[in-house]
Amino acid sequence: MPQPLVSVIVVLFNAEKTLERALDSLVGQSYANLEILLIDDGSTDESPRICDDYAERYACIQVVHQPNGGVSKARQAALDRVNGLYLTHVDADDWVEPDMIEKMVSAIETEGADILFTDYFEVFSDMSRRCRQDPGADRSAPTLLRKLFNFDLMGFCCTKLYRTELCRKVRYVPDTLHFREDEL
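Before going into details, it helps to say that this report is about the structure given with it. Here the structure is a predicted model, which is why all the values come from computation and not from measurement.

Calculation notes
- Residues numbered from 1 in each chain as written.
- Predicted model: local features only at pLDDT ≥ 70, side-chain atom pairs only at ≥ 80, totals over all residues.
- Heavy atoms only, no water.
- Pairing = 2+ DSSP bridges.
- Helix = DSSP H or I, 4+ residues; strand = E, 2+ residues; numbered from the N terminus.
- Axes fitted to C-alpha atoms, helices over the stretch in contact; angles between N-to-C directions.
- Contact = heavy atoms within 4.5 Å.
- Core = buried A, V, L, I, M, F, W, Y, C linked by side-chain atoms within 4.5 Å.
- Buried < 20%, exposed > 50% of the residue type's maximum accessible area, 1.4 Å probe, protein only.
- Parallel < 35°, antiparallel > 145°, perpendicular 65-115°, else oblique.
- Left-handed = near helix turned anticlockwise from the far one by under 90°.
- Nonpolar A, V, L, I, M, F, W, Y, C, P; charged D, E, K, R; others polar.
- Right-handed = clockwise from strand over helix to strand, strands pointing away.

A separate point is the sheet that holds strand E2 (residues 34–41). Read from one edge of the open sheet, six strands run E3-E2-E1-E4-E8-E5, paired in mixed fashion. Looking at strand neighbours, the two that pair on one side only are strand E3 (61–66) and strand E5 (115–117), the edges of this open sheet. With strand direction ignored, the average angle separating the axes of adjacent strands in the sheet is 20°. Relative to strand E4 (residues 86–89), strand E1 (residues 6–12) is paired through four bridges, and the arrangement is parallel. If you follow Val8 over to E4, its bridge partner there is Thr88. On the sheet, helix H3 (residues 71–79) packs against E1, E2, E3 and E4 and is oriented at approximately 150° with respect to E2.

The nonpolar side chains of soluble globular proteins are, as a tendency, buried together. Formed by 27 residues in total, the largest nonpolar core has its most connected members in Val6, Val8 and Val10. The set of elements that each furnish at least two residues to this core consists of E1, helix H1 (19–27), E2, helix H2 (47–57) and helix H4 (100–111). In terms of residue count, the dominant contributor to this core is H4 (five residues). The residues touching Val10, leaving out its near neighbours within four places in the chain, are Leu26, Ile36, Leu37, Leu38, Ile39, Val90 and Ala92.

The next point concerns the packing of H1 against H2. It is the contact of H1 with H2, at a shortest axis distance of 10 Å, that shows an interaxial angle of 20°. When the axis of H1 is compared with that of H2, the two are roughly parallel. Pair H1 / H2 crosses with right-handed handedness. Within the contact between the two elements, H1 uses Leu19, Glu20, Leu23 and Asp24 and H2 uses Ser47, Ile50, Cys51 and Tyr54. Looking at the contact of H1 with H2 residue by residue, the class counts come to five nonpolar, one polar and two charged.

The backbone of Asn14 shows a phi angle near 50°, a positive value even though the residue is not glycine. Position of Asn14 among the secondary structure elements: in the loop between E1 and H1.

Our focus in this paragraph is the pairing of E1. Counting buried positions along E1 yields seven of seven residues, so the element is predominantly enclosed. Of the two faces of E1, both are covered, the one formed by Val6, Val8, Val10 and Leu12 as well as the one formed by Ser7, Ile9 and Val11. The pairing of E1 with E2 spans seven bridges and is classified as parallel. What sits directly across from Val6, in E2, is Leu34. Taken together, E1, H1 and E2 constitute a β-α-β crossover, and its handedness is right-handed.

Encoded structure:
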């Protein structure tokens with residue numbers, strides 16, 4: 001049985017210092033059936049060139065260059081283009097483990113879930129720590145929403161794998177929101 005397509009959304013603005021590390025971690029995934037959508041939100045540094053270089057080298061990468069409109073508009077542009085059965089987000093200053101997507105797809109399919117929460121690491125210059133995302137036994141919508149609002153679970157979208165059909169009607173409104181738009 002073929003692997004389901006996974007769409008990886010990378011929204012970026014002036015990310016030249018971290019973008020290559022993020023992209024290398026994505027193109028090096030053990031999971032092969034990926035589409036990587038790079039949404040360049042009007043970068044004025046070398047980010048557009050880096051995006052185009054990677055797209056030339058890797059067929060799974062698509063680039064959208066758009067005028068700077070903020071992260072909400074950029075995320076919306078990506079959501080309007082995804083083709084995968086599943087989707088995830090990776091920030092341009094993040095990087096992922098080589099088998100992350102493979103493990104995420106296996107887990108979401110095993111569980112029959114619509115959204116998968118993953119653990120993540122916070123990395124600082126002098127230390128790093130693993131942050132657990134444990135939804136607990138009660139995985140009802142009200143309980144999970146309460147945990148998100150209480151910060152018992154983190155709402156940022158880069159620690160999730162979503163069944164794409166759930167996101168088809170998502171509209172990032174207002175598009176002027178630049179902070180915690182992913183949590184909403």
